[in-house]
Amino acid sequence: MQTPFTNLTFCIRTFGCQMNKHDSERIAGMLEGLGALPVEAIEDADIVAFMTCCVREAADTRLYGQVASLKNVPLRTGSPLAKRIVAVGGCIGQRDGEKLVEELPHLDVVFGTHNLGSLPRLIEAAVEEGGHQVEVLDAASSFPTELPTAREHDWAAWLPITIGCNNFCSYCIVPYVRGREKSRPLEDIAAEAERYVAAGVKEITLLGQNVNSYGRDLYGAPRFDAVLDALDATGVERLRFATSHPKDLTDGVIERFAKLRSLMPALHLPVQSGSDAVLAAMNRRYTRAHYLDLVRKLRAACPGIALSTDVIVGFPGETAKDFEDTFRLVDEVGYHQVFTFIYSKREGTPAAKMEDSTPREVVQERFDRLVDLVQTRAFEANQADLGSVVDVLVEGASKRDGGLLAGKSPKNQTVHAPVPSGSTAEALAGSIVPVRIDEARTWYLAGEVVDGR
Ligand code: SF4
């Protein structure tokens, strides 16, 4: 069937979180469904869509730079279009709307976080009528999972269970650009998961800004533990979720790490700071003691669970003692991975108005000390797997060395191993193979594929 998209090519550039990556899969699903062909290089694309993130200033600046530089990239030979269509969506589209086309006049389409599904219509209008097509809605009319998806890998799927966020952490722009939290009915989630499992998906990652508060808007109380039970019952091999706000992590969810076969022993639990004063200023609504109590309960339920976290260094007003509290907490927990960030001011958030008098070099020195600690503790955490056999979900050839396969352990560690003779990394992609670990580094494990245990 011919559509206005037949014979057009597109590419998508994605910034930011897993939710944005998933939104990009939805866009690819829609455009492919209409007959457009995905291409890797911008030079080959008739349509370029940017899925944007405004959580950090760096991504924001990068987006404006990349879109500006597209002006000089000629349209491919043989394109059915008179000019390349450039679209910006996601968080920056939602936040900046018309301002984007004022600053980037060669931009054709702007859409927001609530109207992914409008993109094909906006592109068609840009092709037929020209001019700027800007559409940003205040709230979603439907859950975006009703749109088709072109998944990056056959064996893995992201499954959004909530969109938006009600937490208003004082540094964060997300509630302003993603809107209030909206949960998806449990039966819809279970039905989508069943379809994935029937199609051969091995790993499902549940997504939400705060999955722990799932269901509060629909059922009057959070029911995330029920979602985990329903997903486990589908027979999926690996189940993960992100992101988990510590204030809403319940004993019921912690117990699932002990009880559910499919729930992988890894949890991203963003702490942001180890200082009660800073946590209060961040409006995180938990204390250091509460967080450490969660860690204790998680380790009691699931010994060896791999914990990861996010830490912001240099939040406005952070004192030397506040930073030491964070440093001690990171030391005490012994995370497998810590995503460390220097505080970046986001206009429109309460923290942007807070006094910030700590000199930049002091913040940098704190940051560097923390990164050293993170690396030491990550290295130590990985030593626990030396000599053991871990099940690795193969993702393909290692980017480091094409003769190695790369995949993920149950604890979400990257694992490398030589490709067994007679096979290829590509052929093994999506299968789970046992690997005996004989090398444990800070950011990866390495070993040999073995026949059995
Ligand atoms: S929980 Fe806080 S940090 Fe996470 S998206 Fe919501 S407001 Fe932002």
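Definitions and limits used
- Residues numbered from 1 in each chain as written.
- Predicted model: local features only at pLDDT ≥ 70, side-chain atom pairs only at ≥ 80, totals over all residues.
- Heavy atoms only, no water.
- UniProt positions renumbered as here; feature names shortened; annotations may be inferred.
- Helix = DSSP H or I, 4+ residues; strand = E, 2+ residues; numbered from the N terminus.
- Rg over C-alpha atoms; globule rule 2.2 N^0.38 Å.
- Buried < 20%, exposed > 50% of the residue type's maximum accessible area, 1.4 Å probe, protein only.
- Contact = heavy atoms within 4.5 Å.
- Lys, Arg positive; Asp, Glu negative; His and termini not counted.
- Charge placed at Lys NZ, Arg CZ, Asp CG, Glu CD.
- Near = heavy atom within 4 Å.
- Nonpolar A, V, L, I, M, F, W, Y, C, P; charged D, E, K, R; others polar.
- Phe/Tyr/Trp six-rings, centres within 6.5 Å; stacked < 30°, edge-to-face > 60°.
- Pairing = 2+ DSSP bridges.
- Axes fitted to C-alpha atoms, helices over the stretch in contact; angles between N-to-C directions.
- Salt bridge = Lys/Arg side-chain N within 4 Å of Asp/Glu carboxyl O.

Per an unreviewed UniProt entry, the protein chain goes by tRNA-2-methylthio-N(6)-dimethylallyladenosine synthase and derives from Rubneribacter badeniensis. For the protein chain, the Catalytic activity (unreviewed entry) comment in UniProt is given as "N(6)-dimethylallyladenosine(37) in tRNA + (sulfur carrier)-SH + AH2 + 2 S-adenosyl-L-methionine = 2-methylsulfanyl-N(6)-dimethylallyladenosine(37) in tRNA + (sulfur carrier)-H + 5'-deoxyadenosine + L-methionine + A + S-adenosyl-L-homocysteine + 2 H(+)". The Sequence similarities (unreviewed entry) field of the UniProt record for the protein chain holds the comment "Belongs to the methylthiotransferase family. MiaB subfamily."

Description of the overall build of the protein chain
A tally of helices and strands in the protein chain yields 15 helices and 19 strands. Against the 2.2 N^0.38 benchmark of 22 Å for 453 residues, the protein chain shows a C-alpha radius of gyration of 23 Å, consistent with a compact globule. By principal-axis analysis of the C-alpha atoms, the protein chain measures approximately 60 × 60 × 45 Å. The buried share among the 453 residues of the protein chain stands at 55%. For the protein chain, contacts bridging at least 24 residues in sequence account for 72% of all contacts bridging at least 6. Of the side chains in the protein chain, 49 bear a positive and 62 a negative charge, and the two mean positions are spaced by 3 Å.

Some details on the site of the ligand
Taken together, C165, N167, F168, C169, Y171, C172, V174, P175, Q209, H245 and R284 make up all the residues around the ligand. Of the residues in the shell around the ligand, the class split is seven nonpolar, three polar and one charged.

Remarks on the packing of aromatic side chains
Evaluation of the coordinates by the stated rule reveals eight aromatic pairs. Relative to F257, the ring of F241 has its centre 5.9 Å away and its plane inclined at 50 degrees; by these criteria the two rings are tilted. Pair noted here: F241 is in strand β11 (residues 238-242) and F257 is in helix α10 (residues 251-259), with a separation of 16 residues, a long-range link. Assigned by exposure class, F241 and F257 land together as buried. Their ring planes at 50 degrees and their centres at 6.1 Å tell us that F323 and F327 sit as a pair that is tilted.

Re the sheet that holds strand β12 (residues 266-268)
With parallel pairing, three strands are arranged side by side in an open sheet as β12-β13-β14. Two strands lie at the open edges of the sheet, namely β12 and β14 (337-342), each paired on one side alone. Strand-to-strand twist in this sheet, taken as the mean axis angle between neighbours without regard to direction, amounts to 15 degrees. Two strands pair when backbone bridges link them, and β12 and strand β13 (residues 306-313) are joined in this way by three bridges, in the parallel orientation. What sits directly across from A266, in β13, is A306.

As for the pattern of salt bridges
For the structure shown, the criterion picks out 25 salt bridges. The salt bridge partner of D46 is R76, with a shortest N-O separation of 2.8 Å. Within this pair, whereas D46 is found in the loop between β2 (37-38) and β3 (47-52), its partner R76 is found in the loop between α2 (57-69) and β4 (85-90), the two being separated by 30 residues in sequence. Residues D325 and K321 are paired through a salt bridge, measuring 2.9 Å at the closest nitrogen-oxygen approach. Here the residue D325 and the residue K321 both occupy positions in helix α13 (residues 320-333), the gap between them amounting to four residues, near one helical turn. With relative accessibility at 9%, the residue D325 sits in the buried group.

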